[in-house]
Amino acid sequence: MKRSTKHELYWLLGMFILFFLISIFIRPVGDDWETGPLRHFQWTQLLPNDRFWRPFEKIYRVLIGIVPWFYPWLNHLLVALAHVLTAYCLYLLCDYFKINKPIKIGVILYFLFSPFAMGTVMTVDAWTQAFAELWGVLSVLVYFRNTGIKRYLLWIICCFIAVFTKESGIVWFIVTPLLFFVLQIDTFSSIFKKENIRKIAFPIIAGAAFAVMYFILRELLLPSGTGIGVDNPNNRYHVSILSVRLFRNLCMIIGGCFTSFDSVALFYHPRNWLLAGITIILNIPFLILIGYLFVKAFSDKQKIGKILILIIILLIVSSPHLIVQVGEMHVYPSLVISAIILGMLYSGIEYSPKTYMVLAAFAISAFISNIHKWIGAYTGGQTGYEIALDIKKKTTVEPNKVLLICVRYDEQQYSSFGIPAYAAFNLGESAEALYKYQYPKLFKKFIIKDGDESFIEKQVNNIIQSETEKYDCIWIVNRTNVKVINNE
């Protein structure tokens with residue numbers, strides 16, 4: 001394996017700066033705030049709960065709580081760093097799969113700028129996703145580069161770091177040795193050779209054992225009366241193994257891996273049919289070319305076996321997100337494998353002006369989609385920030401004790417790119433951030449149902465009259481309209 005050249009290192013640095021600058025203007029919205037500063041830490045928070053077990057995230061939140069003014073900028077820095085380092089690891093892995101340099105560059109650009117990577121790159125709370133992927137890909141590199149005990153020890157360590165960063169990292173206990181198995185395949189028939197199966201049997205059994213060990217440990221450490229998963233079927237984390245949701249999620253993830261259409265224009269209401277139509281049309285030649293190359297690969301006895309195993313690996317990597325409600329961020333872990341598949345399909349083909357036109361159309365579609373997503377992510381975060389600014393401007397007292405009343409509307413939210421004002425403000429968390437988490441010290445929150453002006457006013461008055469606690473101020477938020485009652 002060649003050492004990195006100065007040119008490659010400068011390129012890495014340039015990509016890191018670019019992605020950091022792309023994301024730095026995006027503010028937290030919705031559940032992004034759940035990865036913000038943790039002000040009341042208890043050691044038990046390092047243990048699993050019914051949804052997550054992410055001890056590294058808790059430790060990070062404690063650290064960012066010491067310097068809350070770095071939030072969310074440090075989050076963006078970490079995401080950009082992990083994204084670029086994962087791309088570099090992918091660049092190194094291409095050598096093992098005999099993907100030549102021109103195709104390697106295309107593979108890396110595809111991974112870096114895929115519109116479905118933007119669900120991670122442009123999201124404040126995505127550093128766990130990005131680092132779980134980075135440690136997973138690192139587990140592959142250390143497995144390929146080492147032998148004996150060192151190989152297995154480094155692989156398992158990387159996998160545990162990945163899974164304790166985010167649960168989806170558990171797939172690398174199986175995926176890493178399977179990727180090594182791909183390297184052993186010369187022909188389709190070699191998949192079934194005893195010596196190849198024997199080589200891979202022990203690592204897969206060992207990886208599965210460590211994965212089971214993780215689940216046993218998690219179950220033992222769960223608080224009494226809780227279980228993995230969520231009982232409410234309307235909750236996005238509800239586990240649903242056999243349902244329409246599973247098929248829909250599979251289409252979302254696999255479709256996101258091999259397309260660059262504008263999903264925001266298509267799925268977020270009101271739909272932008274013009275952008276959706278343009279980007280879908282620009283993708284059609286690319287999909288036809290992939291289909292053609294896949295069919296052609298069946299005549300290449302050395303290539304087809306590898307590609308079929310890689311497709312199985314792609315499904316395994318996607319599997320943790322198939323049984324929950326998938327979002328755009330969940331496509332990200334599958335992009336490395338789909339990038340390798342594309343690299344192998346494109347390697348060795350003869351390029352013509354038509355091929356370059358197909359790739360250019362795909363790139364134009366990706367550019368349109370990424371710009372639209374950036375605008376959506378920026379607008380959502382800015383809305384919450386401006387509501388918080390308005391609150392602070394209208395609050396003329398020290399807000400030690402605050403009563404917050406929010407009007408909630410039944411509005412669609414799409415990923416981090418279509419955010420209603422209610423979710424952007426997120427029950428006052430954008431205001432808390434503006435006060436550097438010093439205020440409010442006591443914060444009581446109410447959500448009221450939307451209706452006409454008189455109905456909303458009646459609900460607000462009923463809440464205020466029912467409260468016996470004396471508050472320094474009352475914040476009333478109705479979409480972007482802010483009213484503050486200061487008790488001076």
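The shown structure was predicted, so the numbers you read here are calculated from the model rather than taken from an experiment.

> Got a minute to help me understand the overall build of the protein chain in this structure?
Looking only at helices and strands, one finds 18 helices and four strands in the protein chain. Taking 2.2 N^0.38 as the reference for a compact globule, 488 residues should give roughly 23 Å; the C-alpha atoms of the protein chain span a radius of gyration of 25 Å, in line with that estimate. For the C-alpha atoms alone, the extent of the protein chain along its principal axes is close to 80 × 55 × 50 Å. Sequence-distant contacts in the protein chain: of pairs separated by 6 or more residues, those separated by 24 or more amount to 78%.

> So what exactly am I meant to see when it comes to the pairing of strand β4 (residues 481–486) here?
In regular strands, side chains alternate between the two faces of the sheet. Note: strand β3 (residues 473–478) against β4, six bridges, orientation antiparallel. Residue pairing for β4: Cys 473 is matched across the bridge by Asn 486.

> Whenever I open this one, the confidence of the model for the protein chain confuses me. Can you help?
A low pLDDT score tells you not to read the predicted coordinates there in detail. With 95% of its residues at a pLDDT of 70 or more, the protein chain shows a mean pLDDT of 90. Between the elements of the protein chain, mean pLDDT differs from a low of 86, seen in helix α10 (residues 244–257), to a high of 97, seen in helix α6 (residues 127–145).

> Would you explain the nonpolar core in this entry?
Note on soluble globular proteins: their nonpolar side chains tend to be buried together. Grouped together as the largest cluster of nonpolar side chains are 113 residues, with contacts concentrated most on Leu 179, Leu 310 and Ile 313. Leu 310 has contacts with Leu 179, Val 182, Ile 337, Ile 340, Ile 341 and Met 344, leaving out every residue within four places of it along the chain. Cys 406, Tyr 422, Tyr 435 and Val 484 belong to the second largest nonpolar core, which has 20 residues in total.

> Just to check I follow, could you spell out the packing of helix α1 (residues 6–23) against helix α4 (residues 101–113) for this structure?
Any two packed helices are characterised by the angle at which their axes cross and by the distance between the axes. Where α1 meets α4, the axes come as close as 12 Å, and the angle between the chain directions of the two elements is 20°. If you check the angle between α1 and α4, you find them roughly parallel. Judged by the sense of rotation from one axis to the other, the crossing of α1 with α4 is right-handed. Listed contacts from α4 to Trp 11, Met 15, Leu 18 and Phe 19 of α1 are Ile 108, Leu 112 and Phe 113.

Cut-offs used in this document
Starting afresh in each chain, residues are numbered from 1 along the sequence in its written order. Per-residue local features of the predicted model are confined to residues with pLDDT of at least 70, and side-chain atom pairs are confined, for both listing and counting, to 80 or more; whole-chain, interface and lining totals are unaffected and use all residues. Hydrogens are left out, water is left out, and the side-chain values use all remaining heavy atoms of the structure. Runs of H or I in DSSP of at least four residues are treated as helices and runs of E of at least two as strands, each being numbered from the N terminus. The atom set for the radius of gyration is the C-alpha atoms, and the globule formula is 2.2 Å times the number of residues raised to the power 0.38. Any two residues whose heavy atoms approach within 4.5 Å are treated as being in contact. Criterion used throughout: strands pair if DSSP finds at least two bridges between them. Confidence of the predictor in every single residue is expressed as pLDDT, which spans 0 to 100. Remark: nonpolar core denotes a set of buried residues (Ala, Val, Leu, Ile, Met, Phe, Trp, Tyr, Cys) joined through side-chain atoms within 4.5 Å. Burial classes: relative accessible area under 20% of the type maximum marks a residue as buried, over 50% as exposed, and values in between as partly exposed (1.4 Å probe, protein chains only). All axes here are fitted lines through C-alpha atoms, helices being fitted over the stretch that makes contact, and every angle between N-to-C directions spans 0 to 180 degrees. Orientation is classified from the angle alone, with under 35 degrees giving roughly parallel, over 145 giving roughly antiparallel, 65 to 115 giving roughly perpendicular, and any other angle giving oblique. The hand of a helix crossing depends on one turn: near helix anticlockwise from the far one by less than a right angle means left-handed, and clockwise means right-handed.

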